[in-house]
Structures are given as C-alpha cells and as structure tokens.
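Examining the three-dimensional arrangement
Single-letter residue listing:
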Amino acid sequence: MGRAEKVVLAYSGGVDTTVCIPYLMNEWGVKEVITLAADLGQGDELEPIRQKALKAGVTESLVADLTAEFIQDYAFPAIQANALYENRYPLSTALARPLIAKALVEAANHYGADAVAHGCTGKGNDQVRFDVAIAALNPSLKVLAPAREWGMSREETIAYGERTGLTFPVKKSSPYSIDRNLLGRSIEAGPLENPMNEPLEEVFLMTQAIENTPDQPEYVDIGFTQGLPTSLNGAVLEPVALISQLNELVGRHGVGRIDMIENRLVGIKSREIYEAPALLVLIDAHRDLESLTLTADVSQYKRGIEETYSRLVYNGLWYSPLKLALDAFIQQTQERVTGTVRVKLFKGNARVVGRQSNLALYTEALATYSADDQFDHKAAEGFIYVWGLPTRVWSEKLRNS
Ligand code: ARG
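Note that the coordinates shown come from a computational prediction; the quantities given were computed from them, not determined experimentally. (Residues numbered from 1 in each chain as written. Predicted model: local features only at pLDDT ≥ 70, side-chain atom pairs only at ≥ 80, totals over all residues. Heavy atoms only, no water.)

A word on the site of the ligand
Selection criterion: We define proximity as follows: a residue is near a molecule or strand when any one of its heavy atoms falls within 4 Å of that partner. Here a polar contact means two N or O atoms within 3.5 Å. Within protein one must be a hydrogen donor candidate and the other an acceptor candidate, and residues neighboring in sequence count only if both atoms are side-chain atoms. Computed by Shrake-Rupley with a 1.4 Å probe, the accessible areas treat only the displayed protein chains as cover when residues are assessed. A run of DSSP states H or I qualifies as a helix once it reaches four residues; a run of E qualifies as a strand once it reaches two. Both are numbered from the N-terminal end. When residue character is reported, Ala, Val, Leu, Ile, Met, Phe, Trp, Tyr, Cys and Pro are called nonpolar, Asp, Glu, Lys and Arg charged, and the others, Gly included, polar.
Looking at the ligand, there are 15 residues lining it, with Y89, N125, D126, R129 and E262 nearest. Contact distances for the ligand include 2.6 Å between an oxygen atom and a side-chain N or O atom of Y89. Calculation on the ligand without its partners gives an accessible area of 340 Å², and the protein chains cover 85% of this total. Elements with a minimum of two residues in the shell around the ligand: α5 (126–137), β6 (177–181), β7 (184–188) and β12 (269–275). Residue classes in the shell around the ligand are distributed as four nonpolar, four polar and seven charged.

Written as structure tokens, this is what we have:
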C-alpha cells in the first residue's frame, strides 16, 4: 500500500517538481500522478511545461489559467487592505498560494484523487500556505510534500531524476531561488544569503536600475472605485491589463524594489529581494485616497486590521474565520473610497502628488487659512478645556501630594 493512489501535483516545470513525479510513484507507491501547472501571469510558456510533465510519466497534465482570478479575488482585496507584511512586503508570492491550493483541490475532487502534492521544502512559508489552505478547502485530502522528506541535495535530485530516465537541459543554473507571477518576483539565495551583499543588477527583471531610468518625470493618474483600481490616466482597464500596464510604467522608472530581512513563520530570518512595481504603487495610492475619504477613526482603526490581515495572509491563513471577519470590516470601509490619485514617477521614486474625490471628507472651507475660513475658532477653547481636563487634574495632584 502506497501513501496515496491518485495524486494531483502542483507543477512548475522545474527540477524539484519534475523529480516529484517518479519519486511519488517509485518511492511512495502512488499509482497515478496528475500535474497542474498554474498560469499566474508569470510570462512562462505553459505548453512546453505541460509536455514535460507528460514525458515524466503523468496520466494527465493540466494547465490552469488563474491570472484573472488571481488579480481580481486575491490581489485586489489585498490592495484594499493595504497589505504589507512587516510594513514592506506586498505579499506577491503569498497571495498566489491559496489560489493554487484551490485549483489543486478542485482538480483532486474532479479526478477523484485522494491526495494533492507540492514541491515545497520544509524551510519556507509556502509549505504552510499550501498545507493549511488545502486543509481548509478539503480536510479529507492528504497532502504529500516529497521535497520536505527526501533529503536530497540539488545534485542528488538531478541524479535521481536521470536514473528514472528524465533529462535536464544543462543550462547554466542560476544560484538564485526565484518565484514569479504577474504581481511580482521574489529572489532569494546565492550571493544574497550574505545580507551585506548588494543585489546584482542581474536579479531584477521588472524594474530598471536608476542609472537607466528616463531623465524626465512621468505622471500617472490612478482611478479607484470603491477601493479597487479601475483606470490609468482616465482609461478604464480590466484588472489584469491595469496591473500589466502599471508594472511596465512604474518599473521603467526604477520603482518597486524591496530589499529586506524577513521573519518567516518557521522561525528563520531570511534575506529577501522583491520587485512588485504596480502593487506597491497601488497600495500607496489607495492608502492616500483612504486618507481623503475615510473618517479619522475608521482610518486609524483600519491600520491595526491591516497589520493583522497582512500577517495572516503571510502565515497561510487565507481561508480562515479571522480572514472572513477582517474582509467584512474592510469591505464596509471601501464603499466610498472612490476617486483619483496622481503619482509622480522619477528616478526610483513614486510620490503621490495629488488626489481628488467627489466623496472627499476633506473640506477646504474648514482647512483654509484664508478669509473664507468657516471653522469656529472660539469653539476650540471649550473643547481644549474638556480635552485637557484629565491632564490638568493629574498634574495638580502630582504637584500637591
Ligand atoms: N519569502 C517570500 C514569501 O514567503 C517569498 C517566497 C518565495 N517562494 C519560493 N518558492 N521561491 O512569501
């Protein structure tokens, strides 16, 4: 008896997930492997990847086009939440995992598989995100993670694959570990493991080096409807097109790079390089529009929600009761977050330089220092007396005892 009869494996076409195919069958007694390659707008050709899985012996090689769903149902809510893990990482990889998990579970249900599998190692966050998401969506499915158990080095993995008849093109292998989708790229390992090493230009694909950015600034007007980005420079765009175009525009000005030491859920600190040009600018612009359209208390309370939301998504709890509850709060706040934010791009900077909304709570007649001022200055005196009363009482007591 093997560990499972029929398995749906998340497939990237890389060495690890390819070796998972014979490994599952030969070592763990799996009878049938079905692979699922997810298209998340990463720009890879999926057909050769599909063929590769067939050659490795799978019974079915699936490609799931998840890009539109990814942007609409995973990235856009995260923008409404201004989600930045540890204040910096916009979760470009983390957001994709629950969606891939959902596709795996759906395929398993459709094909009557008793398990799903992924190629994650035991050191990262992705294993947590897959395992927990799968458990949430179908708790009776088994989850197999061969690379978490096989203990093979890179060379041993390749040698194992070759013994089973797989061939791996001898391309000069990159020292980096890279994940990519339409939202961004994550680059780890190799020379980056020394946190003092500046990332070489070769690691970046979506963002220009400052040296190569245009010498003229460029403006982009981002339109939001109920907290969702809907237009660029007045042109209404579908979510996927909006992200692609904005990635291009923002990346060209060298905006969107992150270099950070990050706390993984499994206790390891790791050095991470990210590029996520559109996503970072959208969060910044969205937050700015909120400051124009939300009341002070909602806006300030939401900060705490955002922090919790970001940590929860990072830690693999996308499908969880707390996430559902936070979603309800965030949705409620977005009803009137409609308007336009103007961003100036220049030499690695993206700055919000203007914002406009018909629903703005900002009121010029109250804010102005000119003669048109409608604010009742005299009312401030009584307000401050009451506001400061506890402090006055405290100070008097301190002095007299
Ligand atoms: N540290 C990032 C995260 O946890 C990036 C993970 C990249 N994953 C990968 N398999 N290369 O979201």
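Topic: the pattern of salt bridges
Going by this rule: Any carboxyl oxygen of Asp or Glu that lies within 4 Å of a side-chain nitrogen of Lys or Arg is treated as forming a salt bridge with it. When a residue's accessible area, from a 1.4 Å probe over protein chains only, is under 20% of the maximum for its type it is buried; when over 50% it is exposed; and in between it is partly exposed.
Counted by the stated rule, this structure contains 27 salt bridges. Between R264 and E188 there is a salt bridge, with the nearest N and O atoms lying 2.7 Å from each other. Here R264 is found in the loop between β11 (257–263) and β12, whereas its partner E188 is found in strand β7, with 76 residues between them in sequence. Overall, R264 belongs to the buried group, its relative accessible area being 15%. Between R355 and D288 there is a salt bridge, with its nearest N and O atoms 2.7 Å apart. One end of the pair, R355, is in strand β14 (residues 349–356); the other, D288, is in helix α9 (residues 277–293), with 67 residues separating them in the sequence. Given a relative accessible area of 14%, D288 falls into the buried group. A network of salt bridges, in which partner residues are shared, links R97, D126, R129 and D179.

Details of the sheet that holds strand β8 (residues 218–225)
For clarity, the threshold we go by: DSSP-based pairing: two strands are paired if at least 2 bridges between them are found. Only heavy atoms matter for contacts: two residues are in contact if any of them lie within 4.5 Å across the pair. As a rule, the C-alpha atoms of each element are fitted with a line to give its axis, helices using only the stretch in contact, and angles between N-to-C directions run from 0 to 180 degrees.
Strand order in the open sheet formed by five strands is β10-β9-β8-β13-β14, with antiparallel pairing between adjacent strands. What marks the edges here is a single partner per strand, and that holds for β10 (235–236) and β14. As judged from the four bridges shared by β8 and strand β9 (residues 228–232), these two strands associate in the antiparallel manner. The residue bridging G223 from the neighbouring strand is S231, located in β9. The strands touched by helix α8 (residues 239–252) are β8, β9 and β13 (339–346); relative to β9, the strand with the most contacts, the crossing angle is about 70°.

What to know about unusual backbone geometry
For A189, which is not glycine, the phi dihedral falls at a positive 75°. With respect to the helices and strands, the residue A189 is situated in the loop between β7 and β8. Phi at N233 is positive, roughly 50°, even though this residue is not glycine. With respect to the helices and strands, the residue N233 is situated in the loop between β9 and β10. Using a relative accessible area of 48% as the deciding quantity, one classes N233 as partly exposed.

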